[in-house]
Amino acid sequence: YHGMFIDEDAGLYGVGSNIYGQLGVDPDELDFSTGQRRVLDNVKQVATGLNHTIALTYDNRVMTWGDNSKGQLGWTDTNAVSRGFSPEFVQFPEDVNIVYIDAGLFHNVALDSEQNVWLWGDNSKGQCARWAGQYRENTVGDVDDDIVYVPRKVIFTSTRYSIAKTHGYTGV
């Protein structure tokens, strides 16, 4: 249970629960006396999952932090890191320019400037479109049945689609 907001100077602040580091600081070091904590600068968009946060900077870089129990941070090709207290960049291929982000409970979605959809995190209910098995060959990392550890570009058979979110589940 946490919230994030961006001020007029593109500063990102977090409030609420920080059990998994979802406010961008080690839970043992958080001072609640201020009521809020500045996490990042230069942020144009933010979204929150159940216990993780994803942000998009003005230079179109994606950062994540918090709970990584389902690979939702997108940092590695395995679940070697169970949680991250500090924001870290999510790696995309060099030619990818991310323009939109959103978060589900345990997964994330990103849209690039070419209108490609990228998904990662919990796939236990097919949230990352894994059931279709349709990924481009130029992606990195491994995929298992239930978790997509790093962003994967999804290929759709239709040229028209939209992204919607309901009750913590993001659908494409």
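Cut-off values and rules
Residues numbered from 1 in each chain as written. Predicted model: local features only at pLDDT ≥ 70, side-chain atom pairs only at ≥ 80, totals over all residues. Heavy atoms only, no water. Helix = DSSP H or I, 4+ residues; strand = E, 2+ residues; numbered from the N terminus. Buried < 20%, exposed > 50% of the residue type's maximum accessible area, 1.4 Å probe, protein only. Polar contact = N/O pair within 3.5 Å; in protein donor to acceptor, adjacent residues only side chain to side chain. Contact = heavy atoms within 4.5 Å. Phe/Tyr/Trp six-rings, centres within 6.5 Å; stacked < 30°, edge-to-face > 60°. Lys NZ or Arg CZ within 6 Å of the ring centre and 35° of its normal. Pairing = 2+ DSSP bridges. Axes fitted to C-alpha atoms, helices over the stretch in contact; angles between N-to-C directions.

**Student:** I keep staring at the side chain of D7 and nothing clicks. Help me out?
**Tutor:** Relative to the helices and strands, D7 resides in the loop between β1 (2-6) and β2 (12-16). Overall, the relative accessible area of 18% leaves D7 in the buried class. Among the polar contacts made by the side chain of D7, one reaches the main-chain amide nitrogen of G11 at a distance of 2.8 Å. Excluding its chain neighbours within four sequence positions, the residues that come into contact with D7 are Y13 and R38.

**Student:** Even after reading the chapter, I still don't get the packing of aromatic side chains, so can you show me in this structure?
**Tutor:** To describe a pair of aromatic rings, you give the distance between the ring centres and the angle between the ring planes. Counting across every chain of the model gives three aromatic pairs. Here F92 and W118 contribute two aromatic rings whose centre-to-centre distance is 5.5 Å and whose plane-to-plane angle is 85°, an arrangement assigned as edge-to-face. In this pair, F92 is assigned in the loop between β7 (83-89) and β8 (98-103) and W118 in strand β10 (residues 117-122), connecting sequence segments 26 residues apart. Assigned by exposure class, F92 and W118 land together as buried. With a centroid separation of 5.9 Å and 80° between ring planes, the pair formed by F92 and W120 is classed as edge-to-face. Of this pair, F92 sits in the loop between β7 and β8 while W120 sits in strand β10; the two residues are 28 residues apart in sequence, bridging distant segments of the chain. On the accessibility criterion, W120 (0% relative accessible area) is buried. Over the aromatic face of F89 sits the side chain of R61, whose NZ or CZ is 3.6 Å from the ring centroid.

**Student:** Even after reading the chapter, I still don't get the sheet that holds strand β11 (residues 147-154), so can you show me in this structure?
**Tutor:** Think of a sheet as strands paired side by side through backbone hydrogen bonds, with each pair either parallel or antiparallel. Read across the open sheet, the four strands follow the order β8-β9-β10-β11; overall the sheet is antiparallel. The sheet terminates laterally at β8 and β11, the two strands that pair on one side only. Ignoring strand direction, the axes of neighbouring strands in this sheet form an average angle of 15°. Here β8 pairs with strand β9 (residues 107-112) via five bridges, running antiparallel. What sits directly across from I101, in β9, is A110.

Shape descriptors only; they carry no functional weight alone.
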